[in-house]
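Topology and contacts: notes
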Amino acid sequence: MGFPQVRPRRTRATAAWRQLVRETHLLSDALIYPLFVVPGRGVRRPVESMPGICQLSVDEAVKEAQAVQAARVRTVLLFAAPARKDAQASDALDPQGLAAQAIRALKAACPELMLWADVCLCGATDHGHCGHVTPGGTIDNDSSLATLAQVALNYARAGADAVAPSDMMDGRVGALRALLDREGHANTPLIAYAAKYASAFYGPFREAAESAPAFGDRRSYQLDPANAREALREVLLDVEEGADLVMVKPAGPYLDIIRQVRDAVRVPVVAYQVSGEYSLIKAAAARGWIEERAAVLETLTGIRRAGADLIISYFAPEAARWLAA
Ligand code: PBG
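Residues numbered from 1 in each chain as written. Predicted model: local features only at pLDDT ≥ 70, side-chain atom pairs only at ≥ 80, totals over all residues. Heavy atoms only, no water.

Before going further, it helps to spend a moment on the overall build of the protein. Along the protein, the regular secondary structure elements total 12 helices and 12 strands. Compactness check: the protein gives a C-alpha radius of gyration of 20 Å against a globular reference of 20 Å for 325 residues, within 12% of the reference. The principal-axis extents of the C-alpha atoms in the protein amount to approximately 70 × 45 × 40 Å. Taken over 325 residues, the protein has a buried fraction of 54%. Taking the intrachain contacts of the protein between residues at least 6 apart in sequence as the baseline, contacts between residues at least 24 apart amount to 74%. Entry remark: accessible area of the protein is about 14700 Å², with carbon and sulfur atoms responsible for 52%. (Helix = DSSP H or I, 4+ residues; strand = E, 2+ residues; numbered from the N terminus. Rg over C-alpha atoms; globule rule 2.2 N^0.38 Å. Buried < 20%, exposed > 50% of the residue type's maximum accessible area, 1.4 Å probe, protein only. Contact = heavy atoms within 4.5 Å. Areas by Shrake-Rupley, 256 points an atom, 1.4 Å probe, with all protein chains shown as cover.)

On to the environment of Asp 59, then. Mapped onto the elements, Asp 59 comes out in helix 2 (residues 58–70). Counting along the chain gives 35 residues from Asp 59 to Thr 24, while the straight-line C-alpha distance between them is 37 Å.

A few words now on the nonpolar core. Soluble globular proteins tend to pack their nonpolar side chains together in the buried interior. One finds Leu 77, Trp 116, Tyr 155, Val 246 and Tyr 272 to be the most contacted residues of the largest nonpolar core, which totals 112 residues. Looking at this core element by element, the count peaks at 9 residues for helix 5 (residues 141–158). Excluding its chain neighbours within four sequence positions, the residues that come into contact with Tyr 155 are Ala 92, Ala 99, Ala 100, Ile 103, Ala 117, Asp 118, Val 119, Ala 160 and Val 163. (Core = buried A, V, L, I, M, F, W, Y, C linked by side-chain atoms within 4.5 Å.)

On to unusual backbone geometry. With omega at 10 degrees, the peptide bond leading from Phe 3 into Pro 4 counts as cis. Tracing the sequence through the fold places Pro 4 in the segment before helix 1 (15–20). Going from Lys 249 to Pro 250, the amide bond is cis rather than trans, its omega being -10 degrees. Tracing the backbone through its elements, the reader meets Pro 250 in the loop between strand 10 (245–249) and helix 9 (255–264). One non-glycine residue with positive phi stands out, namely Glu 210, at about 50 degrees. Mapped onto the elements of the fold, Glu 210 is located in the loop between helix 7 (203–208) and helix 8 (229–241). Look at Glu 210 and you get partly exposed, because its relative accessible area is 32%.

The next subject is the layout of surface pockets. Here the largest pocket is characterised by a volume of approximately 260 Å³. If you go around the largest pocket, the residues you meet are Gln 19, Arg 22, Thr 24, His 25, Leu 26, Leu 297, Thr 301 and Leu 323. Grouping the constituent residues of the lining of the largest pocket by class yields 3 nonpolar, 4 polar and 1 charged. (1 Å grid on protein atoms, 1.4 Å probe; cavity = no way out; pocket = protein on both sides within 12 Å on 5 of 7 lines; lining within 4 Å. Points joined across faces, edges and corners; volume = space filled by probe spheres on them. Nonpolar A, V, L, I, M, F, W, Y, C, P; charged D, E, K, R; others polar.)

Moving on to the site of the ligand. The local shell around the ligand holds 18 residues, among which Arg 206, Arg 218, Lys 249, Ser 275 and Tyr 314 are the closest. The side chain of Lys 196 places a nitrogen or oxygen atom 2.8 Å from an oxygen atom of the ligand. Arg 206 has a polar side-chain atom sitting 2.7 Å from an oxygen atom of the ligand. Burial of the ligand by the protein chains amounts to 100% of its free accessible area of 400 Å². Comparing atom positions with the cavity grids shows the ligand to sit within the largest cavity. Taken together, the residues of the shell around the ligand sort by class into 10 nonpolar, 3 polar and 5 charged. (Near = heavy atom within 4 Å. Polar contact = N/O pair within 3.5 Å; in protein donor to acceptor, adjacent residues only side chain to side chain. Sits in = over half its atoms within 2 Å of the grid points.)

As enumerated under the stated definition, the model contains 9 aromatic pairs in all. With 5.5 Å between their ring centres and 65 degrees between their planes, Phe 36 and Phe 205 make a pair best called edge-to-face. With Phe 36 in strand 1 (residues 31–37) and Phe 205 in helix 7, the pair connects residues that are 169 residues apart, well separated along the chain. The exposure class of Phe 36 is buried, given its relative accessible area of 2%. (Phe/Tyr/Trp six-rings, centres within 6.5 Å; stacked < 30°, edge-to-face > 60°.)

Moving on, we get to the pattern of salt bridges. Counted under the stated rule, the structure contains 18 salt bridges. The network of salt bridges with shared partners includes Arg 44, Glu 60, Lys 63 and Glu 64. (Salt bridge = Lys/Arg side-chain N within 4 Å of Asp/Glu carboxyl O.)

Such coordinate-based values are descriptive only and should not be taken to indicate function.
Here you go:
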C-alpha cells in the first residue's frame, strides 16, 4: 500500500501525536557538565571563547556545583588548571594539588553530585602535552602510563566518584585499573575517552583548561578524523582493559562513530559535545543567526539518537532547565 492510503503526516499532525510517537528522549539525568577549576578565591573568570562558561576557584566551583544540582544535573566532570606547571605534572600528582583540593571540597559540599575527574597531564605540564615528552620531542607512551595511573589514584583518594583518562596513550586503561585495584580503589569506575579524535573543535577548551600544547599537535596520540575502524579498535581495547564506560569525542561530527560504538559494546556510551560545538552555537545565537534553545536541543537529541546513553555538554544545566520547564 502507498499514497494516498498511506500518509505518514497523520501521526505528525498535533503536538500530542508527535509526543506519543517520539523515539528519542532527552533526560537531564543523562547530562554531564564540565567544570574548570583555577587557583585562588572568589575567582569567576569568563572564558572568552565560551560565552557563559567561567574558570572557577574552588569556592566558586562549589557554588556552581550547587546551582547545577538545582537544575537537576547529577554529574560534573572536573578539569583543573593549576598555576604550577612542570614536566612531571606535579600538581596533578599532589594530594594538596588543585584538582585534589577541588574534589574534596566539591564532595564535601555536594555529596550527592557525582564527580568525575578528568585524568590527563596536559593541564599540569609546562609543555601542555597529554603524556611525557622525550628530549627528541616525541610523546613517550610507556613512561606516561605510570604517571597517569598515579594521577588517577590521587583523584580517587581525594574522593572522585570516577576517573576519566583523556590522554589516549596505549594501555592506559589497564594501567589505571591495575593501580587503582592494588591501592584499594577496585570500586572506582573508569570512564575511557576511548575514541578521542584530533579535533579542531577543542580550541576553546584549551583556553579554559590552559592546556594548549606548547609545540606540535596531538595527532600522534589522538585519532585521525578520517578513521572509523580504528576508533572501534580503540574502544574494544579499552573495554578489554576494563573501561566501565566508553566515550566518543567530539560528538556532532562523529555521530556515525557513536552509532557503531553503541552497536559494538555493552557498556554505556558517553558522547562529549565539545567546546567548539558549544561555541559555534553560542556565536551564531549571539548574532541572531540561530535559535539557541531549539538548536541545542536538536544537537543533543541527535547525539542521543545516534546511540549515546550519556552526553557531556556545556549546555547541560541550561538544557536541563528547558527540559524541566
Ligand atoms: C585534555 C582534554 C581535551 C578536552 C578534554 N580533555 C582537549 C585536548 O585533548 O586537547 C576537550 C574538551 C572540549 O573541547 O570541550 N586531554
